[in-house]
Amino acid sequence: MSETDRRSFDGELVTVPFGAHNVEATARDVYAEFLDDHESEDVLVVTGAPTSTDAFREALDEELSGAATPHVTSLVVHATDVLSQSDDRVILSDALRRELLHRFLADYEWDAEYLRRASAQPSFVDDVDRVMDTLSWQTVTPDETPELREIAAALDAFHEWLAEHDHMERGQLISAARDALAGDDRDAVVDADAVLAVEFEEFLPLDRAYLDALTADCELACVAEEHASVRRTWVETGPVTERVSFEASRRAVSSPPSTRPEATAAYFAEGRVDADPELGSVSVLAAASSDEQLAAIANEIESLIGDSDWGYDDIAVAAKGSGEGVTEVIEAFERAGIPTASTTVTGFGDDPAIRELLAVVRELAGDDDGDRLDRGADTDSARVDRMRSMESIEDAVRWWATAVGLKERIAERASPLEARSQFGNVRRAFRMAEFLETTAFADATWAPFREMMERAHEYAPRRSQTSATDLDGGVRVDHLRAVKNESFRAVFLVNLVDGEYPGDAFLTRLFPTERVASMPDYPAVTELDASAVAATFPTTSTASARPFARYHTEHARRRLAVGADAATERLYCCLYEFEGTALEERAQASRFLTAAYDELPWVTDADDPHVTSERAAEEFLLSRVDDALAEVRRANSRDVSVSLDEVEAELGEIQGLLDESGVRGDRLREALRARVELANGEVRR
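Residues numbered from 1 in each chain as written. Predicted model: local features only at pLDDT ≥ 70, side-chain atom pairs only at ≥ 80, totals over all residues. Heavy atoms only, no water.

**Side note on the overall build of the protein chain**
Thought 1: Scanning the protein chain for helices and strands turns up 26 helices and 15 strands.
Thought 2: Considering only residue pairs separated by 6 or more positions, the protein chain has 76% of its internal contacts joining residues 24 or more positions apart.
Thought 3: Total accessible area on the protein chain stands at roughly 31700 Å², and carbon and sulfur atoms take up 45% of it. (Helix = DSSP H or I, 4+ residues; strand = E, 2+ residues; numbered from the N terminus. Contact = heavy atoms within 4.5 Å. Areas by Shrake-Rupley, 256 points an atom, 1.4 Å probe, with all protein chains shown as cover.)

The structure is reproduced here in structure tokens:
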């Protein structure tokens, strides 16, 4: 990736030693200094990520009295507000952007042989979409790799195609808003006299250019946390201080970690071993398999909630990335009856309301291939004929939702949090229909709407969204970057095995990793030397001779530090012993966790779990039988002895318990009998 020019700011840069409590304390001090000269409504606070706005709003609110609240927003949300006042173009949602990109690329002629062959693969549009999205947000122009130059040219053509129809994608927000700030309408869209930028260590080059334009005639102070950048260090090396200059700069005074989770986070981030704070706990929670790991976490959460002063929103579960790792946790918690909240969108592809609507749309589009979803009793022919007779697709879809009582059925069958998600998905379907009727990109008929719905259903986004997300009421399940600078009483870090931390660097499916590592103009950190690794990370976690491997190893460790720093009272490092494969290969504990276990005396094994819920009790009961059968099989195959008297006694106690449990006991007895028969190779209906 090509180096960007050094940017100069008129203002002050305050660097803060690693630790969220140091960041909050420093931000409050700088904010209080601004309040000495300005009214609170004239001070704008800009965060690097939408997910942390609430955390900083709560922290800075302590400096205000009465009904006043701090004006806190994220960079991307502020840019959206600027464009809403200065630009008439429609900002496409992620689903609509993907739909239009698919249509744009359907007949696109690629010159590079590699891209021509790749375009024949079903996943090509999704793969090239991710590269285009990265290029769009960073506004970088590849100049050395032919395939990247061609993708960038296709992106420019796509943007021109959108502009012809008064549309723009979210990746253009920052650059378009920066241009607006440099124009004659600046006074109409900027309503601040002073700007405090927090999380400055995460500002990308385009973000810094936007901040420069925003603060052209404002006082400016930036707070940057040392050794904490995750987002920016994915695309550029070194500390942000090497890429900017300020009129004044200083390093804030810090305090040592006050809790064991904070001290553990500092160890992950900087490799330093502090004195034992003696407050809080750090536990290693191990299970046999990944599924059992999630079950153990769910059981521990229910144990915490058993205390009267704990709520589900006091707890977070963090995975390394925003893909399947997050969705697997959410799905496991849903099965366990634990409410969740997340910035990662998971619902559109799995929403029963959307599947029901999609079945109706397929019927209306004349899809007779027989490969349709179950329509259910409410999609009868009379309603379908009524919808077909309507002139407006949007009106027909809205009428159908009312006619089948969709809102009432969602409310009846789903929890409040899940119902809110499903309502949101249905509204997205309404907006798709509205978009189809107001755009010139496609005919407003049922066949194009079916294609749009099917692609949205198939490629339901599983990535963190680019604007603020409304969260409340459940356990926060997210990727590590999304919980940065937030605070939870308990944080569970999942999958702390070496295959995940550090794991292998994954940049794109479009090109092999070895090829990407040699692309100097790829929009991520690729070609680098040992000095760049040392300038970016103070830790040394691998002896690899390849700077690329060392860099991304330390980047994975830093992500772990950011997640650990979100815990205020309890930190759980969770892992499993066996991979979920036919051979059940043993999973090695993460080298980061192994080192912490050796270096930090307060990192201890978690206590044996207590059964805290009915579901956990059932699983415990069934597992006793599985363990007994496995023990007998091992004894037979390995020529070791086992006490059948003990097995008989334990099973006898279970039988006595079931006899006293009425109908519930009869059902569990039937499940136990089926378990034994399955173990013996018997299958019954």
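Okay, back to it.
**Some details on helix α17 (residues 406-413)**
Thought 1: When we look at burial in α17, the residues that qualify are Leu 406, Arg 409 and Ile 410. The buried residues of α17 occupy an angular sector of 100° when projected down its axis, which confines them to one face. Across α17 from its buried face, at more than 90 degrees, point the exposed residues Lys 407 and Glu 412. (Buried < 20%, exposed > 50% of the residue type's maximum accessible area, 1.4 Å probe, protein only. Arc of directions from axis to C-beta.)

**Section: the state of the cysteines**
Thought 1: Inspection of the entire model under this criterion finds zero disulfides.
Thought 2: As a non-bridged cysteine, Cys 573 has Cys 574 as the owner of its nearest cysteine sulfur, 7.2 Å distant. (Disulfide = S-S within 2.5 Å.)

**Things to note about the pairing of strand β10 (residues 315-319)**
Two faces, one strand: in a regular strand the side chains alternate between the faces of the sheet.
Thought 1: For β10, a buried count of five out of five residues is recorded, marking the element as mostly surrounded by other parts of the structure.
Thought 2: Strand direction decides the pairing type here: β10 and strand β13 (residues 488-493), joined by four bridges, are parallel. Residue pairing across strands places Ile 315 opposite Ala 490, the latter belonging to β13.
Thought 3: With four bridges joining them, β10 and strand β12 (residues 475-479) adopt parallel strand pairing. Each bridged residue has a counterpart across the sheet, and for Ala 318 the counterpart in β12 is Asp 478. (Pairing = 2+ DSSP bridges.)

**Here we look at the environment of Glu 12**
Thought 1: By the element assignment, Glu 12 lies in strand β1 (residues 7-16).
Thought 2: Taking the C-alpha atoms as reference points, Glu 12 and Glu 247, 235 residues apart in sequence, are found 6.1 Å from one another.
Thought 3: Once you skip the residues sitting within four places of it in the chain, Glu 12 turns out to touch Leu 220, Ala 221, Cys 222, Phe 246, Ala 248 and Arg 250.
Thought 4: Engagement of the side chain of Glu 12 in a polar contact is seen with the side chain of Arg 250, the distance being 2.7 Å. (Polar contact = N/O pair within 3.5 Å; in protein donor to acceptor, adjacent residues only side chain to side chain.)

**Focus on the packing of aromatic side chains**
Thought 1: Within the structure shown, the criterion is met by 15 aromatic pairs.
Thought 2: For the ring pair Phe 158 and Trp 161, a centre distance of 6.2 Å and an interplane angle of 35° mean the geometry is tilted. Taken as a pair, Phe 158 and Trp 161 lie in helix α7 (residues 146-163) at a separation of three residues, close to a single helical turn.
Thought 3: You can call Phe 158 buried: its relative accessible area is 0%.
Thought 4: When the ring of Tyr 267 is compared with that of Phe 268, the centres are 6.1 Å apart and the planes differ by 55°; the resulting orientation is tilted. Phe 268 carries the same exposure label as Tyr 267, and that label is buried.
Thought 5: The structure contains a cluster of three or more aromatic residues connected by ring pairs, namely Phe 104, Tyr 108, Trp 110, Phe 124, Phe 158 and Trp 161.
Thought 6: One cation-aromatic arrangement involves Arg 489 over Trp 310; the distance from NZ or CZ to the ring centre is 4.0 Å. (Phe/Tyr/Trp six-rings, centres within 6.5 Å; stacked < 30°, edge-to-face > 60°. Lys NZ or Arg CZ within 6 Å of the ring centre and 35° of its normal.)

**Let's talk about the sheet that holds strand β9 (residues 281-287)**
Thought 1: Taken together, seven strands build an open sheet; the order of strands is β11-β12-β10-β13-β14-β9-β15 and the sheet is parallel. Unpaired on one side and paired on the other, β11 (340-341) and β15 (603-605) mark the two borders of the sheet.
Thought 2: In this sheet, strand β14 (residues 567-576) lies alongside β9 in parallel orientation, the contact comprising seven bridges. In the strand pairing of β14, Leu 285 is matched with Cys 574.

**A word on the pattern of salt bridges**
Thought 1: All told, the structure shown has 40 salt bridges when counted by the stated rule.
Thought 2: For Arg 362, the salt bridge identified is with Glu 454, shortest N-O distance 2.8 Å. Highlighted residues: Arg 362 in helix α14 (residues 352-364) and Glu 454 in helix α19 (residues 446-458), separated in sequence by 92 residues.
Thought 3: Exposure remark for Arg 362: the relative accessible area of 12% places this residue in the buried category.
Thought 4: The partner of Asp 478 in a salt bridge is Arg 476, and the shortest N-O contact between them spans 2.7 Å. Considered together, Asp 478 and Arg 476 belong to a single accessibility category, that of buried residues. (Salt bridge = Lys/Arg side-chain N within 4 Å of Asp/Glu carboxyl O.)

**So, a negative patch on the surface**
Thought 1: A cluster of acidic side chains, namely Asp 291, Glu 292, Glu 324, Glu 328, Glu 331 and Glu 334, defines a negative patch on the protein surface.
Thought 2: Mapped onto the elements of the fold, Glu 334 is located in helix α13 (residues 324-336).
Thought 3: The partly exposed category is assigned to Glu 334, whose relative accessible area is 46%. (Patch = residues over 30% accessible without salt bridge, like charges linked within 9 Å, V, L, I, M, F, W, Y side chains within 5 Å. Lys, Arg positive; Asp, Glu negative; His and termini not counted. Charge placed at Lys NZ, Arg CZ, Asp CG, Glu CD.)

**A short note on helix α11 (residues 260-270)**
Thought 1: When you tally the buried positions in α11, you get ten out of eleven residues, the bulk of the element.
Thought 2: Residues Pro 261, Glu 262, Ala 263, Thr 264, Ala 265, Ala 266, Tyr 267, Phe 268, Ala 269 and Glu 270 constitute the buried set of α11.
Thought 3: Against the buried residues of α11 lie α1 (20-35), β9, α22 (547-564), β14, α23 (591-599) and β15.
Thought 4: Positioned one or two residues after α11, Gly 271 has a phi angle of 80°, which is positive.

**Points about the nonpolar core**
Thought 1: Among the nonpolar cores identified, the biggest contains 66 residues, and Trp 110, Ile 151, Trp 446 and Phe 449 are the most heavily contacted of them.
Thought 2: The element best represented in this core is helix α18 (residues 416-438), accounting for eight residues.
Thought 3: The residues touching Trp 446, leaving out its near neighbours within four places in the chain, are Val 361, Leu 364, Ala 365, Met 387, Arg 388, Ile 393, Ala 396 and Val 397.
Thought 4: Judged by nonpolar contacts, the second largest core, of 37 residues, contains Ala 263, Val 491, Cys 573 and Phe 592. (Core = buried A, V, L, I, M, F, W, Y, C linked by side-chain atoms within 4.5 Å.)

**Observations regarding the sheet that holds strand β2 (residues 43-47)**
Thought 1: The six strands lie next to each other as β3-β2-β6-β7-β1-β8, forming an open sheet whose pairing is parallel. The open sheet has two free edges, formed respectively by β3 (71-74) and β8 (244-251), since each of these has just one partner strand. Shown here is a sheet whose adjacent strand axes are inclined to one another by a mean of 25°, direction ignored.
Thought 2: By the bridge criterion, five bridges tie β1 to strand β7 (residues 219-225) in an arrangement that is parallel. Following the sheet pairing, Thr 15 is matched in β7 by Ala 224.
Thought 3: The sheet contacts of helix α2 (residues 53-61) involve β2 and β3, and relative to β3 the element is tilted by about 160°. (Axes fitted to C-alpha atoms, helices over the stretch in contact; angles between N-to-C directions.)

**Looking at the environment of Thr 508**
Thought 1: For Thr 508, the location among the structural elements is in the loop between β13 and α20 (513-517).
Thought 2: Among the residues examined, Thr 508 registers a relative accessible area of 8% and is labelled buried.
Thought 3: Remark: the alpha-carbon pair of Thr 508 and Val 131, spanning 377 residues in sequence, is separated by 7.4 Å.
Thought 4: Contacts of Thr 508, omitting those with residues within four sequence positions, involve Val 131, Val 516 and Tyr 522.
Thought 5: A distance of 3.0 Å separates a polar side-chain atom of Thr 508 from the backbone nitrogen of Leu 510.

**Description of the side chain of Glu 150**
Thought 1: By secondary structure assignment, the location of Glu 150 is in helix α7.
Thought 2: One buried charged residue, Glu 150, remains without a salt bridge, the closest side chain of opposite sign being Arg 116 at 6.8 Å.
Thought 3: Those residues in contact with Glu 150 that sit more than four places away from it in its chain are Glu 109, Trp 110, Asp 111, Ala 112 and Leu 115.

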